[in-house]
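Okay, here's what each chain looks like letter by letter:
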Amino acid sequence: MWIIISRLTRQLSLWNLAMKTLLTFVLAGILNSSITAYALDVTETKGLAYYISEFEVTDTEGIKPYSAQVTASFQPYGGRYMVRGGKITSLEGKQDKRMVIIAFDSLEQAKAWYYSERYQSLIPIRQKSATATVYFVEGVSLPLNTQNSH
């Protein structure tokens, strides 16, 4: 019986070592991909798009219907919050407004959401209850072709 337990323990130890080694290689690959992405030509990427809003609420009660409905308006278009009013640490200049950033897989999806009937019906609520600057910014994601041509 002790021989069987001893062999099983040894096999389990080898299995744990193999899994730790595999995990190390996977994590190293992810880190390498992240570092490499900075050095690659961004023209080879599939672009993301970001809706950015810098705003100041002027009517806390009036903005509530907008806040309650806005997430459901952009989710069907693949939108997801990246930033939603978190603490801002200004490094240069003055930033005293609330910030919201919503990511979309493409500028087309972002525009489809913004100009949708559902979101257009929410804009007057926001405009009545807050002052805002809103815009789209095209971004980059990991390249489709990760071969570095440099």
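Just so it is clear, the structure is predicted and the values come from calculations on it, not from any experiment.

The rules we used
Residues numbered from 1 in each chain as written. Predicted model: local features only at pLDDT ≥ 70, side-chain atom pairs only at ≥ 80, totals over all residues. Heavy atoms only, no water. Core = buried A, V, L, I, M, F, W, Y, C linked by side-chain atoms within 4.5 Å. Buried < 20%, exposed > 50% of the residue type's maximum accessible area, 1.4 Å probe, protein only. Helix = DSSP H or I, 4+ residues; strand = E, 2+ residues; numbered from the N terminus. pLDDT = per-residue confidence, 0-100. Contact = heavy atoms within 4.5 Å. Phe/Tyr/Trp six-rings, centres within 6.5 Å; stacked < 30°, edge-to-face > 60°. Arc of directions from axis to C-beta.

Of all hydrophobic cores here, the largest spans 18 residues; its most connected members are Tyr51, Tyr66, Val70, Ile102, Phe104, Trp113 and Tyr119. At the level of secondary structure, the elements contributing two or more residues to this core comprise β1 (49-57), α2 (64-74), β3 (98-104) and α3 (107-114). At four residues, α3 tops the list of elements feeding residues into this core. Within the second largest apolar cluster, six residues are counted, among which are Tyr50, Ile52, Met99 and Ala103.

With 63% of its residues at a pLDDT of 70 or more, the protein chain shows a mean pLDDT of 77. Here helix α1 (residues 2-39) stands out as the least confident element of the protein chain, with mean pLDDT 46; helix α4 (residues 117-120) is the most confident, with 98. Below a pLDDT of 50 lies the segment residues 14-45, which in the model reaches 21 contacts outside its immediate sequence neighbourhood of four places, other chains included.

Attention shifts here to the packing of aromatic side chains. Inspection of the entire model under this criterion finds twelve aromatic pairs. Judged by centre distance (6.0 Å) and plane angle (90°), the rings of Phe74 and Trp113 are edge-to-face. Here Phe74 is found in helix α2, whereas its partner Trp113 is found in helix α3, with 39 residues between them in sequence. Under the relative-accessibility criterion, Phe74 is labelled buried at 1%. A relative accessible area of 0% places Trp113 in the buried class. Measuring from centroid to centroid gives 6.0 Å for Tyr114 and Phe136, while their planes differ by 80°, and the two rings are edge-to-face. You can see Tyr114 sitting in helix α3 and its partner Phe136 sitting in strand β4 (residues 130-138), a full 22 residues away along the chain. Through successive ring pairs, a cluster of aromatic residues spans Tyr51, Tyr66, Phe74, Tyr81, Phe104, Trp113, Tyr114, Tyr115, Tyr119 and Phe136.

A few words on α3. Within the span of α3, buried status applies to Leu107, Ala110, Trp113 and Tyr114. For α3, the angular spread of buried residues about the axis comes to 125°, placing them on one side. Tucked into the core, α3 has its buried residues touching β1, α2, β3, α4, α5 (123-129) and β4.

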